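Now for the letters of each chain:
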Amino acid sequence: MGEQFWWFYDVLAVAAALVCVFLSGRKGLLKSFINFVGYVLAFAVAFSVSGGIAGGIYKNTIRDSNVKKVKTALEYYELPSKLEEQLGIMGYNVNIKRDKLTKILNSGKPIDDQIYKYMKDATINNSKGLPPKEEFCEQLHEIYGTLVKNILSEELSKYSAENAAREIKEDPSKFEAAVPLIMDKEDRGPASEYLADTFTEEPYKYVMRLIVFIILLVLVIIISIFVTGTIIDSDHTEQSIVSHICGGLVGVLKGAIIVFGIAAIVRLNVVMGSDEMLFFNHEAIDKTFIFRHAYDFIVDKF
């Protein structure tokens, strides 16, 4: 939904550039160029320091809150029953016994091998047998990701939950490391800290960096405009036609920086909301001719 509105992003980018061209053309070359230097400085400052600031904010304020939220989600969590439910959804018509899964999860041995053997033994006389181990384990790793995603989505952002599912699919050992901690019902602290530190730190720092980048970019640009207007009063300086034209060309470059700022705002809406939102979805952005280059930079470099 929303793919048909891909043009919205390109129109927005072109509109931002045209506004900058118009305003810069009126100001002339000198003031526009000094203003552009301020825009570049704003982008450089926002890009370079936003990561450090975001990391500090996460460490000092967000991390403890995330640990508490995960602990709340784990308070009545029963991993064997949740795993039983997910294995049942796989459709192999197996009568899964929860106590057997509990023994597997508490064994301290590789979980993949034990679950595969258990499921294989249970389907010996079943018309729908298990697929090869590699294929089955791929499905199993998706289940691991779903289990952790469901824990995190109870109290935390959807983005961090989806990120956890992706990470576990790529590296199932992260789930296996969490299992003995989650199985410890007496002390949920270690499990809460592990899940928060392993799966929520980077997503939350990423979101915070986008927010800090946007705020700094806007703030420094406003300051540069104010300073430029104070230093050079072009209203009392006669501008040649060449100066106005060159100023307009500089405006194109200023518009490009504004588009990067817009891309950061769109990216923030994507990770904090849903990919299926009317305007903020990847499919629509991928179809654009101009906007996707700025958006891809924000995705890749942040």
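Residues numbered from 1 in each chain as written. Predicted model: local features only at pLDDT ≥ 70, side-chain atom pairs only at ≥ 80, totals over all residues. Heavy atoms only, no water.

A. The overall build of the protein, seen in detail. A count of helical and extended segments in the protein gives 13 helices and zero strands. Listed N to C, the secondary structure of the protein is α-α-α-α-α-α-α-α-α-α-α-α-α in terms of helices and strands. Its C-alpha atoms give the protein principal-axis dimensions of roughly 90 × 40 × 25 Å. A burial count over the protein gives 43% of its 302 residues as buried. Summarising the internal contacts of the protein: among those between residues at least 6 apart in sequence, 79% fall at separations of at least 24. Element-wise, carbon and sulfur atoms account for 60% of the exposed surface of the protein, whose accessible area totals about 16000 Å². Separation of charge centres in the protein, based on 32 positive and 38 negative side chains, amounts to 1 Å. (Helix = DSSP H or I, 4+ residues; strand = E, 2+ residues; numbered from the N terminus. Buried < 20%, exposed > 50% of the residue type's maximum accessible area, 1.4 Å probe, protein only. Contact = heavy atoms within 4.5 Å. Areas by Shrake-Rupley, 256 points an atom, 1.4 Å probe, with all protein chains shown as cover. Lys, Arg positive; Asp, Glu negative; His and termini not counted. Charge placed at Lys NZ, Arg CZ, Asp CG, Glu CD.)

B. Representation of helix H13 (residues 291-301). Here H13 has its buried residues at Phe 291, Ala 294, Tyr 295 and Ile 298. One face of H13 carries all of its buried residues, which in axial projection span an arc of 100 degrees. (Arc of directions from axis to C-beta.)

C. How the structure looks around a negative patch on the surface. Residues Asp 184, Glu 186, Asp 187 and Glu 193 make up a contiguous surface patch of negative charge. Tracing the sequence through the fold places Asp 184 in the loop between helix H8 (173-183) and helix H9 (189-199). (Patch = residues over 30% accessible without salt bridge, like charges linked within 9 Å, V, L, I, M, F, W, Y side chains within 5 Å. Salt bridge = Lys/Arg side-chain N within 4 Å of Asp/Glu carboxyl O.)

D. Structural view of the packing of aromatic side chains. If you walk through the whole model with that rule in mind, you get 17 aromatic pairs. Ring centres of Phe 47 and Phe 297 lie 6.0 Å apart, and the angle between their planes is 35 degrees; on these two criteria the pair is classed as tilted. Pair noted here: Phe 47 is in helix H2 (residues 29-74) and Phe 297 is in helix H13, with a separation of 250 residues, a long-range link. The exposure class assigned to Phe 47 is partly exposed, which follows from its relative accessible area of 25%. Seen in terms of ring centroids, Tyr 194 and Phe 199 are 6.4 Å apart; in terms of plane orientation they differ by 85 degrees. Their pairing is edge-to-face. (Phe/Tyr/Trp six-rings, centres within 6.5 Å; stacked < 30°, edge-to-face > 60°.)

E. Layout of the packing of helix H10 (residues 201-231) against helix H11 (residues 241-272). H11 packs onto H10 with a crossing angle of 150 degrees between their chain directions and a minimal axis gap of 10 Å. As far as their axial angle goes, H11 and H10 are roughly antiparallel. Between H10 and H11 the crossing geometry is left-handed. Seen from H10, the contacting residues are Tyr 206, Val 207, Leu 210, Ile 211, Phe 213, Ile 214, Leu 217 and Ile 221; seen from H11, they are Ile 257, Ile 258, Phe 260, Gly 261, Ala 264, Ile 265, Arg 267, Leu 268, Val 271 and Met 272. Here the residues of the contact of H10 with H11 are counted per class, giving 16 nonpolar, one polar and one charged. (Axes fitted to C-alpha atoms, helices over the stretch in contact; angles between N-to-C directions. Parallel < 35°, antiparallel > 145°, perpendicular 65-115°, else oblique. Left-handed = near helix turned anticlockwise from the far one by under 90°. Nonpolar A, V, L, I, M, F, W, Y, C, P; charged D, E, K, R; others polar.)

F. How the structure looks around unusual backbone geometry. The phi dihedral of Asn 93 falls on the positive side, at around 55 degrees, and the residue is not glycine. Using a relative accessible area of 61% as the deciding quantity, one classes Asn 93 as exposed.

G. Quick look at the side chain of Arg 209. Take Arg 209: it is sitting in helix H10. Excluding residues within four positions of it along the chain, Arg 209 makes contact with Phe 47, Ser 50, Gly 51, Ala 54, Lys 301 and Phe 302.

H. Structural detail: the environment of Tyr 39. For Tyr 39, the position within the fold is in helix H2. The spatial distance from the C-alpha of Tyr 39 to the C-alpha of Ile 265 is 17 Å, given a sequence separation of 226 residues. Excluding residues that lie within four positions of it along the chain, Tyr 39 makes contacts with Ile 221, Ser 224, Ile 225, Lys 254, Ile 257 and Ile 258.

I. The state of the cysteines, seen in detail. Taken as a whole and judged by the stated rule, the model has zero disulfides. Considering cysteine sulfurs only, Cys 246 is the nearest to Cys 20, which forms no disulfide, with 17 Å between them. By relative accessible area, which is 9% here, Cys 20 ends up buried. (Disulfide = S-S within 2.5 Å.)

J. Broad picture of the environment of Cys 246. Note on placement: Cys 246 falls in helix H11. The exposure class assigned to Cys 246 is partly exposed, which follows from its relative accessible area of 26%. Cys 246 sits 15 residues away from Ile 231 along the chain, and the two C-alpha atoms are 20 Å apart.

K. Here's a closer look at the pattern of salt bridges. Applying the stated criterion across every chain yields a total of 12 salt bridges. Glu 170 is the salt-bridge partner of Arg 166, the closest N and O atoms lying 3.5 Å from each other. Placement of both Arg 166 and Glu 170 in helix H7 (residues 158-170) is noted, with a separation of four residues, approximately one turn of the helix. Here Arg 166 falls in the partly exposed class, since its relative accessible area comes to 41%.

L. A look at the side chain of Asn 163. On the secondary structure map, Asn 163 appears in helix H7. Looking at Asn 163, its side chain comes within polar contact range of the side chain of Arg 166, at 2.4 Å. (Polar contact = N/O pair within 3.5 Å; in protein donor to acceptor, adjacent residues only side chain to side chain.)

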